[in-house]
Amino acid sequence: MAEISDSPSTSKPLEENTQTHTPELDPKATRNTKPGVKRLIISVTVLLSFILAVPLLWKSIEIYRAPLPFDRIDSFSSQIESKPFFFPCHFRAIFIGFDFKVSHSDLGAAITRRMSDLRQGGDCGGCGGNYSVAVAVDRGDSHAFDFRGKLRGGDEDADELVKSVVSEYGGGNAYSAVVVNGEGEVRSVVGKYRHAWIVGRFEEEEEAVWRVAEIFVKVFVNGGDEEGLVRSEFMPVGADGRIVLSFSLLNADPRDWIYDWNFCEIDETLLRPVIEALQPIANITVESQVLYHTPKSSFSYWDDEHGSHIFRTEDLPFFVNSNEWHLDTSVAAGGRSKVLQLVVYIPSAKECPLQLELSNGEISKTNGFISPMWGGVIVWNPQGCIKDLESKDPVRHTISPQDLQKLFEVIMGQLRQLLGLKSDNLYVGESGTSILLGSERGFTEWELDVLSRKHVCFNLLSCATTLGSLSRLVQSLPRMIIMDEIGKQVKFSLEAAKFAQSNASIGIYDASAVSSRQSRSLAEDAFFHPSIMSISYYSFEHCFAIYSPFFLPVTMHVLLAALREWKRYKQENRKYLAAKAKAKVS
């Protein structure tokens, strides 16, 4: 009988049924464990450290900039540059011995109209239309007769007399003209204070009005020059408000003779009043030196008619020998001070006497010349031009006090011309000639007023230009260093300019000149401050170009690494969430 056995096919399904069903996991789509954040934290931490370092880097390269009042600077600059700065001027006309048939107001209006006709343009530093004219009339014939007789005497005594008469009519800082109707030729004199007097017989009253108006405008306002000689842009005052008067005595050939001078006497007795008078306009210092072997550069020739050696005006540009004349040795001139050279040249024996021939063929009375903004030269010939031939050694001489006095008079005339005033004592106008009295200080009160007005105007204009340039420069260079000192200088400069305008508006010229000088000096100090003269001013684009080759490659790698790690973490986290979801479903 056949044997029965279990078929293998029947046992296999039973074995499969007994096993547990376990699904297979795709490692590319799912994962059983939660992804770690350690790599992500490290990458993000490195990236954040770079981000936090950016403000620190920016702070390390930051430029300190003190705040500047740009609005005030722009307002001040536009105010000064838009229109000329005019000063208030007050005039007073006193008529003695006249019988006008018009009222005082009509007479003042007539003078005002004449002044308007004489006034040319609107030059800065003048009165413009900002002036008033007061009129007083004294019809007393006896008073006029006595007063006229006193004025016919010496001008110095008459000047003091007119000063007392003007004070009776109010005085003050008004410019006054006393007109006395009488006999004789009309004579006009401008005193050393702020007044003038005119004495003589006037055929028409209009003539008196015309003379008064011309003195007011041409003398008291313009400084006594028909063409307006006082040019503010050529005022020889340094940016720091200082002038150095450098006096030099040049001995052309010390083998012939040697001259020296007692300069201490000049400084103490003659120069001190001049320096005090000009103190509101400039801070003046004085120095002197004696030089030897200083021949001139130009040539001269002998003239039998004049009996002297002659050099002409065409030779003046070549007279100063810059190779041999070592004049620029000033120790007092520092910074932006202005040095005026005042030279006394003593020629050698072979060129003595040496005289200057003017363009009209006449011999110069002063025997000197000036060079604007540089100084002046005087040729002084020794007495007799006799050389001691018996002595082997040169004889030493000292210029006498009398000769020093004459030299100083010429020097004062040159200094007046350098400052823009007339060197002579006459004013020739359309209505006639006026005598200009001098002052022991070298400058009369009305001349100092003219210089102060021109100087104030020039200083304020220069201050506005400098501050405006500084403002535009600072705003165009964002990385320019602006120290606190610069901000203070700009602030004080604007305040000083405000004080100058305020004092000028009430007619205090001296205080206005001092304040304007300070405003210009502070503005120049701020503009030329050493801290803003550095070469490290560069734009932000330049800064980026400098630092980007160092930091940009590393920063890009860190940023890309952080983004890649963040992308990996998100991908792995999705796998984990997918595996977790499948486990819940099964």
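What you are looking at is a predicted structure, and each value in this text was computed from that prediction instead of being measured.

Analysis parameters
Residues numbered from 1 in each chain as written. Predicted model: local features only at pLDDT ≥ 70, side-chain atom pairs only at ≥ 80, totals over all residues. Heavy atoms only, no water. Helix = DSSP H or I, 4+ residues; strand = E, 2+ residues; numbered from the N terminus. Buried < 20%, exposed > 50% of the residue type's maximum accessible area, 1.4 Å probe, protein only. Contact = heavy atoms within 4.5 Å. Areas by Shrake-Rupley, 256 points an atom, 1.4 Å probe, with all protein chains shown as cover. Core = buried A, V, L, I, M, F, W, Y, C linked by side-chain atoms within 4.5 Å. Pairing = 2+ DSSP bridges. Axes fitted to C-alpha atoms, helices over the stretch in contact; angles between N-to-C directions. pLDDT = per-residue confidence, 0-100.

Draft legend 1. Representation of the overall build of the protein chain. Tallying secondary structure elements over the protein chain gives 13 helices and 17 strands in all. Split into buried and exposed, the 586 residues of the protein chain put 45% on the buried side. Counted over contacts in the protein chain with a minimum sequence separation of 6, partners at least 24 positions apart contribute 79%. When the accessible surface of the protein chain is totalled, it reaches about 31700 Å², and 55% of it is carbon and sulfur.

Draft legend 2. How the structure looks around the environment of Phe100. Topologically, Phe100 is positioned in the loop between strand E1 (89-96) and helix H4 (104-118). Considering only alpha carbons, one finds Phe100 and Glu205, 105 residues apart in sequence, at a separation of 7.7 Å.

Draft legend 3. Representation of the nonpolar core. Counting residues in hydrophobic clusters, the biggest one holds 66 residues, and the most contacted among them are Phe95 and Ile111. Looking at this core, the element that brings in the most residues is helix H7 (residues 205-221), giving 11 residues. Discounting chain neighbours no more than four positions away, the residues touching Ile111 are Ala93, Phe95, Val133, Val135, Val209, Val212, Ala213 and Phe216. Ranked by size, the runner-up nonpolar core spans 41 residues in total, among them Ile243, Ile266, Leu419 and Leu451.

Draft legend 4. Geometry of the sheet that holds strand E9 (residues 301-303). On the basis of which strands lie adjacent, the open sheet formed by 3 strands has the order E9-E10-E12 and mixed pairing. The two strands at the open ends of the sheet, each matched to only one other strand, are E9 and strand E12 (354-357). Ignoring which end each strand starts from, the neighbouring axes of this sheet average 50° apart. Across 3 bridges, E9 lies against strand E10 (residues 308-312) in antiparallel orientation. Residue Asp303 lies in a different strand from E10, and its bridge partner there is Ser308.

Draft legend 5. A look at the environment of Asp525. Positionally, Asp525 belongs in helix H12 (residues 509-527). Each C-alpha atom, one on Asp525 and one on Gln489, is 7.4 Å from the other, the two residues being 36 residues apart in sequence.

Draft legend 6. Just the confidence of the model for the protein chain, in detail. When pLDDT is averaged along the protein chain, the result is 81; 86% of the residues meet or exceed 70. Mean pLDDT values over the elements of the protein chain span from 45, in helix H1 (residues 8-18), up to 92, in helix H11 (residues 484-505). Note that residues 1-22 has pLDDT below 50 and, in this model, 0 contacts with residues that lie over four places away or in other chains.

Draft legend 7. Here's a closer look at the side chain of Arg416. Among the structural elements, Arg416 can be located in helix H9 (residues 401-419). Every residue in contact with Arg416, bar those within four places of it in the chain, is listed here: Leu421, Lys422, Ser423, Gly442, Phe443 and Glu447.

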